[in-house]
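For reference, the chains in residue letters:
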Amino acid sequence: MPATVIIGGQWGDEGKGRVVDFFARSCSVIARYSAGSNAGHTIVNELGKFGLHLVPAGIFHADTTCIIGNGVVVNPQTLIEEIEMLSSRGVDTSRVRLSDRAHVVMPWHLAIDKLDEQLRGERAIGTTGTGTGPAFTDKAARLGIRTIDIVKPEALEEKLSFILPYKNRVITELYGGEPFDYDEVRADYLEYGRQLRPYVTDTAALVQDAQDRGEQILLEGAQGTLLDLDSGTYPYVTSSLPTSMAAGACLGVGVGPTAIDRVVGVYKAYQTRVGDGPFPTELFDDDARLLRDHGVDQGTGEYGTTTGRPRRCGWFDGVLAGYTARLNGVTSVALTRLDVLAQFERVKVCVGYELDGKRLESLPPALLEASAVRPVYEELPGWQQDVSHIRRLVDLPPEARRFVRRIEELIGVQVDMISVGPEREQAIVTRDIFGVPL
Ligand code: GDP
Ligand code: IMO
Ligand code: MG
């Protein structure tokens, strides 16, 4: 059975965790393939509200195997705490598997993340400060330590004996920071390794075996395509590949590109971004506040799951959405937070840009120029009524249906799921993508 990838179509926080939690019931393997604990996926279901950074959002369904693939960088302390938190709230975590080739976030990665942002000054990226970027840098620089190394004392000692003094020189001589103590790091990471040993395995083999048995596999993306190192708003991007393309999803879990036959693009009904970088439809007025603070009392306002930072908010950008859909080969759209737009008399969607007085129908050649473009909006009538209880497309107000149709046209792909609230069942499924009964 082929695999399905769930990706973010914007700048992250589109509701991927919520969409994975919804569809995971039809899958036997759920695998995270990229990023690290910079990701924050919120799930609200019958057990309560959860913010996950590393464990796949499929964990709430019994009988699923939840894999943290080799493409993920893992802060072992965060993972141990997440597993403990889930267990303490009644979730069976014995189904978590951690790739033996996943790279580990070391204390110098956290330090360098902060020191680097300081050094960049005005050009700071606004990272999550989770050490994820520096861990990916060291992976590419061949200075990484993998989970297989922390479960074996000799392997850890051998790696640390070279890497720790190397990193201490960089930190003290380049950044003027404090060095790390070999014995302390060794003791901490051997303890992490001891606690994580039961989960560490060759996860690529697990995914491939499940594939051979014809089981449904769901690959859970993190972040969004516009944060992709190659295809996003470089340099205001993350350090990994959130896209569904071979380098992202396939490599991140160990399957070939022919294994993937469905790509679900998760898009919010408007646009948000945390951190710096261009955002053509960004709003700074009362409308931004209305978008940001909807649901804030229930903990589902637009504030970062990982850092708590307020998210920048703006209208849906149809130009960027079409770009990310084509790039990922999106076959199905899940449109989230439609309920949030109920508060507006009129809603806007960006259908093009103007640059130096000229109309652009597609993306400027350098995405970064997006900061200089002026969005061209189309206004649609709002529906101004609560839709969070609606479960069938026909029951949506005609204005809301018209909005969804316009989003479909702009993305160029059918909307198969509409999310109208943070809770698992607050969804309208219009096409049976995973065998979930309509
Ligand atoms: P992710 O990183 O893509 O998984 O998204 P986040 O979890 O960081 O952010 C999405 C936020 O929106 C979370 O607070 C979710 O609980 C919430 N959410 C998801 N879908 C909906 C929806 O349809 N309506 C509302 N009101 N909230 C939603
Ligand atoms: P989820 O999976 C939103 C952003 C950061 C910053 C940039 C680089 O929850 O959608 P990093 O710490 O990765 O080096 O920061 O990327 N960023 C995210 N924004 N959602 C995320 O993940 C993000 N992960 C990273 O805010 O702008
Ligand atoms: Mg998030």
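First, a word on scope: everything that follows refers to the structure included in this document. Keep in mind that what you see is a predicted model, and the values were worked out from it rather than measured.

Let us look at the overall build of the protein chain. When its secondary structure is counted, the protein chain shows 12 helices and 20 strands. Against the compact-globule benchmark of 22 Å for 438 residues, the protein chain has a radius of gyration of 22 Å, which places it among compact chains. Taking the contacts inside the protein chain whose residues are at least 6 apart along the sequence as the reference set, 75% of them involve residues at least 24 apart. Total accessible area on the protein chain is roughly 17500 Å²; 49% of this is exposed by carbon and sulfur atoms. A gap of 3 Å separates the mean positions of the 46 positive and 60 negative side-chain charges of the protein chain.

Taken together, the side chains of Asp-181, Asp-183, Glu-184 and Asp-188 define an acidic patch exposed on the protein surface. For Asp-181, a relative accessible area of 41% puts it in the partly exposed group.

If you trace the 10 strands from one edge of the open sheet to the other, you get S9-S7-S5-S2-S10-S1-S11-S15-S19-S20, paired in mixed fashion. Edge positions in the sheet fall to strand S9 (200-201) and strand S20 (427-429), since each has one partner strand and no second. Here four bridges tie strand S2 (residues 29-32) to strand S5 (residues 65-68), and the two strands are oriented parallel to one another. Of the residues in S5, the one forming a bridge with Arg-32 is Ile-68. In the packing of helix H1 (residues 16-23) onto the sheet, the strands contacted are strand S1 (3-8), S2, strand S10 (217-220), strand S11 (260-268), strand S15 (332-336), strand S19 (415-419) and S20, and the crossing angle to S19 comes to about 110 degrees.

Octahedral metals with six donors have ideal donor angles of 90 or 180 degrees. Tetrahedral metals with four donors have an ideal donor angle of 109.5 degrees. At this site the magnesium ion (ligand 3) is bound by Asp-13 (OD) and Gly-40 (O), with donor distances of 2.0 to 2.2 Å. Of this pair, Asp-13 sits in the loop between S1 and H1 while Gly-40 sits in the loop between S2 and strand S3 (41-45); the two residues are 27 residues apart in sequence, bridging distant segments of the chain.

A few words now on the site of ligand 1. Of all residues adjacent to ligand 1, which total 19 residues, the nearest are Lys-16, Thr-42, Arg-337, Asp-339 and Ser-419. At a separation of 2.8 Å, a nitrogen atom of ligand 1 approaches a polar side-chain atom of Asp-339. Compared with its free state, where it exposes 580 Å², ligand 1 has 98% of that area covered by protein. For the shell around ligand 1, the secondary-structure elements that each account for two or more residues are H1 and S3. Among the residues forming the shell around ligand 1, the class breakdown is three nonpolar, nine polar and seven charged.

Next up on the list: the site of ligand 2. Residues in contact with ligand 2 amount to 20 residues; listed here are only the nearest, Lys-16, His-41, Thr-128, Gln-223 and Thr-238. At a separation of 2.8 Å, an oxygen atom of ligand 2 approaches a polar backbone atom of Asp-13. Contact with the protein chains removes 98% of the 550 Å² of surface that ligand 2 exposes when unbound.

All right, on to the environment of Gly-352 then. Mapped onto the fold, Gly-352 is located in strand S16 (residues 346-355). Note: C-alpha distance between Gly-352 and Gly-193 (159 residues apart in sequence) is 51 Å. Those residues in contact with Gly-352, other than ones at most four positions away along the chain, are Val-319, Arg-359, Leu-360, Arg-374, Pro-375 and Val-376.

Rules used in this analysis
- Residues numbered from 1 in each chain as written.
- Chains lettered and ligands numbered in written order.
- Predicted model: local features only at pLDDT ≥ 70, side-chain atom pairs only at ≥ 80, totals over all residues.
- Heavy atoms only, no water.
- Helix = DSSP H or I, 4+ residues; strand = E, 2+ residues; numbered from the N terminus.
- Rg over C-alpha atoms; globule rule 2.2 N^0.38 Å.
- Contact = heavy atoms within 4.5 Å.
- Areas by Shrake-Rupley, 256 points an atom, 1.4 Å probe, with all protein chains shown as cover.
- Lys, Arg positive; Asp, Glu negative; His and termini not counted.
- Charge placed at Lys NZ, Arg CZ, Asp CG, Glu CD.
- Patch = residues over 30% accessible without salt bridge, like charges linked within 9 Å, V, L, I, M, F, W, Y side chains within 5 Å.
- Salt bridge = Lys/Arg side-chain N within 4 Å of Asp/Glu carboxyl O.
- Buried < 20%, exposed > 50% of the residue type's maximum accessible area, 1.4 Å probe, protein only.
- Pairing = 2+ DSSP bridges.
- Axes fitted to C-alpha atoms, helices over the stretch in contact; angles between N-to-C directions.
- Donors = N, O, S within 2.8 Å, 3.2 Å for Na, K, Ca; no water.
- Near = heavy atom within 4 Å.
- Polar contact = N/O pair within 3.5 Å; in protein donor to acceptor, adjacent residues only side chain to side chain.
- Nonpolar A, V, L, I, M, F, W, Y, C, P; charged D, E, K, R; others polar.

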